[in-house]
Amino acid sequence: MRDQKHLLMVAYTNYRTDPRVIRAAEAATEAGFEVDVLVLKRNNEPRLEQIRGVNVVHLNQTRYRGGGVVAYVLAYVRFFLRSFFAAAALRWRKKYAVVHAHNMPDFIVFCGLIPKLFGAKLILDIHDPMPNTFSSKYGKGDEGMIYRLLLWQEKLSAAFADRVLTVHDPVKDHILVKQHRLAPEAVDVVANFPDDGIFYPRQQTTSQDDGLRLCFHGTILKRLGLQNVIDAISRAKLKDKMRVLIIGEGDFSDELKALIARHDLHEIVHFDNRMYPIEELPQRLAGCNLGLVPLEISSITEFVLPLKLLEYLALGMPVVTVHNTAIDHYLTPEECFFYDPSDPQSLSDILDRLAADPSLLAQYKQRALDARSRFLWSGEKAKYISLLRQLSR
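Residues numbered from 1 in each chain as written. Predicted model: local features only at pLDDT ≥ 70, side-chain atom pairs only at ≥ 80, totals over all residues. Heavy atoms only, no water.

Chemist: Explanation requested: the packing of aromatic side chains in the structure shown.
Modeler: Here the structure, examined in full by the defined rule, presents 13 aromatic pairs. Aromatic pair Tyr72 and Tyr76: ring centres 6.3 Å apart, planes at 40°, arrangement tilted. A residue pair is termed a helical-turn pair when its members lie 3 or 4 positions apart in one helix, as Tyr72 and Tyr76 do in helix 2 (residues 69-91) at four residues. No difference in accessibility class separates Tyr72 from Tyr76, as the two residues are buried. Both rings, one in Phe110 and one in Phe160, keep their centres 4.4 Å apart while their planes meet at 20°; by these two values the pair is stacked. (Phe/Tyr/Trp six-rings, centres within 6.5 Å; stacked < 30°, edge-to-face > 60°. Helix = DSSP H or I, 4+ residues; strand = E, 2+ residues; numbered from the N terminus. Buried < 20%, exposed > 50% of the residue type's maximum accessible area, 1.4 Å probe, protein only.)

Chemist: Help me out: how do you make sense of the packing of helix 7 (residues 226-235) against helix 8 (residues 253-262) in this one?
Modeler: For any two helices packed against each other, the geometry is given by the interaxial angle and the distance between the axes. Where helix 7 contacts helix 8, the two axes come as close as 10 Å, and the packing angle between them is 10°. Here helix 7 lies roughly parallel to helix 8, going by the angle between them. From helix 7, Leu226, Gln227 and Ile230 reach across to helix 8, where they touch Leu256, Leu259 and Ile260. Of the residues belonging to the contact of helix 7 with helix 8, the class tally is five nonpolar, one polar and no charged. (Axes fitted to C-alpha atoms, helices over the stretch in contact; angles between N-to-C directions. Parallel < 35°, antiparallel > 145°, perpendicular 65-115°, else oblique. Contact = heavy atoms within 4.5 Å. Nonpolar A, V, L, I, M, F, W, Y, C, P; charged D, E, K, R; others polar.)

Chemist: Whenever I open this one, the sheet that holds strand 7 (residues 163-166) confuses me. Can you help?
Modeler: In space, the eight strands of this open sheet follow the order 3-4-2-1-5-6-7-8, with mixed pairing throughout. Strands with a single pairing partner mark the edges of an open sheet, and in this sheet they are strand 3 (48-51) and strand 8 (187-189). Going across the sheet, the axis of each strand differs from the next one's by a mean of 25°, ignoring polarity. As paired strands, strand 1 (residues 6-11) and strand 5 (residues 96-102) are joined by six bridges and run parallel to one another. Across the sheet, the residue bridging to His6 is Tyr96, located in strand 5. (Pairing = 2+ DSSP bridges.)

See below:
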């Protein structure tokens, strides 16, 4: 259509497995925008494909999996350069009204320089505060040179953008405003809630007699505390009544496999070491009745509200997790089981109690169903579409 508005998204991610990028792209398409997305490539993905109305451009780069900080930064720089020139080339064919850049890194927003010169408005979407994430991952602390450099590039990136978005209120209030000193009025929240068109209660395929069927899905990282889960399962007295499904990829995958072998848990823990498209996950999890959302608490995970936690609630599945500022902001002990991340035995005790008393799990299933309406994408989608229309006016 001649008058159709165009939106460009840029994200250092794999499109099919990134819920926030997918939801935003499809919401923009629903609002009448033609959407192009620049992302990483994996396996045999074509350079260009259309997925549910979104034009996805897979740049010739795969995700870096490793532990080196320099290698991570270089991977970001390479992706930035590819995205910058791809955005510039696309601009000569399409007049973008909005460029939506998803961090990390924050400086990816500068890929929109050429479109901005021709009138496009820029959105910087801060999924993870980059200074805190890197200081947590590499143990450098919040006062070192790397932290200050990353904080400087975040502020510069935010100043270059026309609007800054983030994933929930605690990240905005405690990190971006209080710690990083961004102006409160400069940051909007479009909450990272699950797509209720995909995550909704389904017929349970297990019965109480099947015991505990635990699940975890997502990126496999050390800071997510999966080592504590394996330790807790090995300590459990009723582990013969438990089965654990772990789905995902990440830097901690090899260590996780070694831990499972070391504790001789192959009969109990199944590690499906791959990522699936978002729309496949509910079916993959259909045989489970308890969601696992472990975390090791640090300067960054203190303010994480894991999407998987909300996806389990949206499925009507009870959750066992830990206390942190973000989770406690949204959920109560009456709605989730909480354990102490510094004490794996506390998780073992919860699992043994649930294995011994299936009626308790049924009570929390109903509470999960009661809570799900507070955490649905449909409400946040309306906010995002309103923002796009305002910026593209």
